[in-house]
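Each chain is listed here by its residues.
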Amino acid sequence: MLSAALLTACTLSTMSIPDETSFKLPPMEQNAILIFHAGERKREYSQDELQEMQKAHIGNLGRLFSEKKAPAAGPFAERGEFRGIVILQMPLDKIPAEFEQDPFVKEGLLKITVNSWMMPKGLFAWPQSEEFKMHNYSFVRWLKGPNWTADVSEELSKANVAHVTRNLSQMRDGSACIHGPVGDPTGEWRGLSIFPTDDKAKVEALLAEDPLLKRGHFRVEIKPLMMGAGLFNSLKP
């Protein structure tokens, strides 16, 4: 995740760090992450009704993909408050209208929240194959840790640079699909990563040496997620 302290540097070509080396960020873009949350069942639905609602729900997601608005979407593997996600490439204020006709949203069975999500450009593959296959991923939320601070010391600045360097490397070698900061009005949710595996132990190993996790600046929440295969490109060197 590109941390909040480095977001300011995204408008610059380089960032000065204490040892006087130069740190160059790749071109960035702002996208959005929509989360479907569990809603409330206002009445009982027949199996036929639920099947028709599911068909329309999936159809809406397919439309968004076809219109090049949503490069990826899928459900969480474990039922809970979080039910699914949609990654969107469109203005935040235009997103709610795209889901007004989703029957699950209209009926209140699903609620949606939308947050901005900054990431390097060029990570979405937009596969056009007619053969659709599902793949298992991990959805990782970066949250404020027990030692979180908004004060950027020289030591924290160095840890930030090491954190971003690790994340860029993982996006280049394919061990991570996406790392990027999230805009959250509460300030609690700091970033989001997607890994191309649902093996929690493997994801934890990839995160274990992150300097901002080790110092307690962040903590992470890992959830298994299912989406289509081949949705992401590796970050170009």
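First, a word on scope: everything that follows refers to the structure included in this document. (Residues numbered from 1 in each chain as written. Predicted model: local features only at pLDDT ≥ 70, side-chain atom pairs only at ≥ 80, totals over all residues. Heavy atoms only, no water.)

Evaluation of the coordinates by the stated rule reveals 11 salt bridges. For R219, the salt bridge goes to E188, with nearest N and O atoms at 3.2 Å. In this pair, R219 is assigned in strand β10 (residues 218-228) and E188 in the loop between β8 (178-183) and β9 (189-195), connecting sequence segments 31 residues apart. On the basis of relative accessible area, E188 is assigned to the partly exposed category, the value being 32%. (Salt bridge = Lys/Arg side-chain N within 4 Å of Asp/Glu carboxyl O. Helix = DSSP H or I, 4+ residues; strand = E, 2+ residues; numbered from the N terminus. Buried < 20%, exposed > 50% of the residue type's maximum accessible area, 1.4 Å probe, protein only.)

On to the sheet that holds β8. Judged by pairing direction, the sheet is antiparallel, and its eight strands sit side by side in the order β4-β5-β3-β6-β8-β9-β7-β10 without closing on themselves. In the strand order of this sheet, the two ends are held by β4 (72-75) and β10, each with one partner. Neighbour-to-neighbour, the strand axes of the sheet open up by a mean angle of 25 degrees, direction not taken into account. Docked against the sheet, helix α4 (residues 154-173) engages β6 (110-120), β7 (134-144), β8, β9 and β10, running at close to 130 degrees with respect to β8. (Pairing = 2+ DSSP bridges. Axes fitted to C-alpha atoms, helices over the stretch in contact; angles between N-to-C directions. Contact = heavy atoms within 4.5 Å.)

In this fold, G191 is placed in strand β9. On the accessibility criterion, G191 (0% relative accessible area) is buried. Sequence separation between G191 and G180 is 11 residues; the distance between their C-alpha atoms is 5.6 Å.

With that settled, consider the pairing of β8. Burial runs high along β8: five of the six residues are buried. Two elements, β6 and β8, share two bridges in a ladder whose sense is antiparallel. Following the sheet pairing, S116 is matched in β8 by G183. Of the pairings in the sheet, the one linking β8 to β9 comprises four bridges and is antiparallel in character. Its bridge partner being in β9, I178 is matched across the sheet by I194.

Take H37: it is sitting in strand β3 (residues 28-38). Looking at H37, the relative accessible area reads 10%, which means it is buried. Every residue in contact with H37, bar those within four places of it in the chain, is listed here: E81, F82, R83, L109, L110, K111, I112 and T113.

For the rest of this paragraph, the subject is unusual backbone geometry. With a phi angle near 60 degrees, K68 is a residue other than glycine that sits in the positive phi range. Position of K68 relative to the elements: it lies in the loop between α2 (47-66) and β4. For W126, which is not glycine, the phi dihedral falls at a positive 50 degrees. Here W126 lies in the loop between β6 and β7. With relative accessibility at 14%, the residue W126 sits in the buried group.

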